[in-house]
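# Report on the structure
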Amino acid sequence: MGALLHPRDGKPACQPGITVLLSDHPDWLDGRRIALLSHRAAVDRRGRTTAAMVRAAHGGNLVALFSPEHGFAGAAAAGAKVGDSRHPAWNIPIHSLYGAQRKPLPAMLRDIDLMLYDLQDIAARPYTYVSTLRYWLEAAAEQDIPVIVADRPVPLPDTVDGPVLEAAQSSFVGAVRTPMVYGMTPGETARWLARDLRLALDLRIAPLRGYRRQARPGRLWPRWVPPSPRMRTWQTAWCFAATVFTEALPVADNGTGTNEVFQVLGLPAPLGHRFREALEGRPVPGAILRGQAFTPTGGRHARQRLQGVAIRAINPAEFRPAFTALILLQAMQKVIGERKMWEGDGSRPDFFDKLFGTADVRTALRDGVSPRAIAATWSAGIARFKAARARCLLYAG
């Protein structure tokens, strides 16, 4: 099947890996009993889900479905356990990998000939789909089952930012030895994981076609379907790593229930006014912080009018979410007070460390170290990671 062309400029449309797989490599699937890890956000340019396309093309050979955090429908809240179920129309199991199990059990893969992965990810370590990819690949290697990763674009494909995960902070929000933001598509990440974990693995990547790595989505890319309830837009994904720390520091809110979740950060009055004044108009790499008031609809600050800032990415290719988080955290600490911020009601410093992948960020902030000095300590780890990452990249910029 030839590449789809844009009607005005003749440039090729971006086709996701599943389209390339089904059109160019049907023999990779023919006659195989397939287990598919996917969700409703994995769609082609016409909005068809990967599960529906594989079912249509290979019928009864699709024998099992698996789902990540947020479930097969992508509707479960963050952290909500999801149970196993059966597909109502196809009568095949949907095994949850965010319930009793995080990694497929051998019994779930009995009589499976091929493990297929297609999730819309955002290339940020605390977003747990990359942890699920790791366990999917490990299970495939352990059971000697070939695995295919159908590739998709990610919002920050060339951004590498934040500290590399330390072994002491390993968890499900930190299961891969990367910086907090790691700049790889799922296919590239699978290649990196296979090398980093030294997996004896029959791995194939169904690559994107017509794709160049860029932070802004192209006009003919597959449409964005939220891969989780709060990951509403491409812009949301840019800012995720800049404000996700509120899951550990609920004294602040990042737009719970609003259309700008993860893109705003605020505090109740009167602290919120001081927080806004400290940051409004401040430039950060690739972005600017603008004053904004908002009212969360859920969480600790539900229905309270908060004052704070919105993150506006002017040049997302230069935006550094983890570094931006340091700027926000430093201002919060000055306004709230060091002890109240880290030891106050609801604060979870241990979970903060897991989100960042190190305790050093928290201790440095408490000691008054500047964001720039903290970020400088990441440089050596980032350089080593980039050298390993370079061998796994598939697409030009």
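Presented here is a report on the structure given in the accompanying data block. For every chain, the first residue of its written sequence is number 1, and the numbers climb from 1 along that sequence. Residues qualify for local features only when their pLDDT is at least 70, as the model is predicted, and side-chain atom pairs are given and counted only at 80 or more; totals for whole chains, interfaces and linings, by contrast, use all residues. Hydrogens and water are ignored here; the side-chain numbers use all heavy atoms of the structure.

## Points about the overall build of the protein chain
Counting from the N terminus, the helices are the DSSP runs of H or I reaching at least four residues and the strands are the DSSP runs of E reaching at least two. Each helix and strand counted, the protein chain has 12 helices and 11 strands in total. For this measure, only C-alpha atoms enter the radius of gyration; the expected value for a globule follows 2.2 Å times N^0.38, where N is the number of residues. For a compact globule of 397 residues, the expected C-alpha radius of gyration is about 21 Å, and the protein chain comes in at 21 Å, within 12% of that figure. The proportion of buried residues among the 397 residues of the protein chain is 57%. Working rule for contacts: check all heavy atoms of both residues, and any pair within 4.5 Å makes them a contact. When contacts within the protein chain are restricted to residue pairs at least 6 apart in sequence, those whose partners lie at least 24 apart make up 73%. Here the protein chain contributes 51 positive and 34 negative side-chain charges, whose respective centroids are spaced 4 Å apart. In this scheme, a residue with accessible area under 20% of its type's maximum is buried, one over 50% is exposed, and one in between is partly exposed, where area comes from a 1.4 Å probe on protein chains only. None of His or the chain ends enter the tally, which takes Lys and Arg as positive and Asp and Glu as negative. We put the charge of a Lys on NZ, of an Arg on CZ, of an Asp on CG and of a Glu on CD.

## Here's the deal with unusual backbone geometry
The step from Ala 269 to Pro 270 runs through a cis peptide bond, and the omega angle for that step is 0°. Following the sequence through the fold, Pro 270 ends up in the loop between β8 (264-268) and α6 (271-279). Despite not being glycine, Asp 111 has its phi angle at roughly 70°, a positive value. As for its position among the elements, Asp 111 is in the loop between β4 (93-96) and β5 (114-118). Of note, Asp 144 is a non-glycine position whose phi angle comes to about 55°, a positive value. Mapped onto the elements, Asp 144 comes out in the loop between α3 (129-143) and β6 (147-150). Asp 144 gets classed as exposed once you look at its relative accessible area, which sits at 68%.

## What to know about the packing of aromatic side chains
Centres within 6.5 Å are what make two rings of Phe, Tyr or Trp a pair, Trp counting through its six-membered ring; a difference in plane orientation under 30 degrees is then read as stacked, over 60 as edge-to-face, and the rest as tilted. Enumeration over the complete set of coordinates arrives at 13 aromatic pairs. With a centroid separation of 5.1 Å and an interplanar angle of 90°, the aromatic rings of Tyr 211 and Tyr 395 are classed as edge-to-face. Here Tyr 211 is found in the loop between β7 (203-206) and α5 (234-243), whereas its partner Tyr 395 is found in the segment after α12 (379-390), with 184 residues between them in sequence. In this pair, the class of Tyr 211 matches that of Tyr 395, namely buried. For the ring pair Trp 224 and Trp 234, a centre distance of 5.3 Å and an interplane angle of 85° mean the geometry is edge-to-face. Taken as a pair, Trp 224 in the loop between β7 and α5 and Trp 234 in helix α5 lie far apart in primary sequence, 10 residues in all. Like Trp 224, the residue Trp 234 is buried in the burial classification. Linked through ring pairs, Tyr 211, Trp 221, Trp 224, Trp 234 and Tyr 395 together constitute an aromatic cluster. Lying across the ring of Phe 172, Arg 102 places its NZ or CZ 4.5 Å from the centre. Placement of a charge over a ring requires the Lys NZ or Arg CZ to be within 6 Å of the ring centre, with the centre-to-atom vector within 35 degrees of the ring normal.

## Section: the pattern of salt bridges
Between Lys or Arg on one side and Asp or Glu on the other, a salt bridge is scored when a side-chain nitrogen of the former is within 4 Å of a carboxyl oxygen of the latter. This structure, assessed with the given rule, holds 20 salt bridges. Arg 230 is the salt-bridge partner of Glu 247, the closest N and O atoms lying 3.1 Å from each other. Of this pair, Glu 247 sits in the loop between α5 and β8 while Arg 230 sits in the loop between β7 and α5, placing them 17 residues apart in sequence. Of the residues examined, Arg 230 reaches a relative accessible area of 26% and is grouped as partly exposed. Where Arg 312 meets Glu 260, a salt bridge forms, and the shortest distance between an N and an O atom there is 2.7 Å. With Arg 312 in strand β11 (residues 306-313) and Glu 260 in the loop between α5 and β8, this pair connects stretches of sequence that are 52 residues apart. Among the residues examined, Glu 260 registers a relative accessible area of 22% and is labelled partly exposed.

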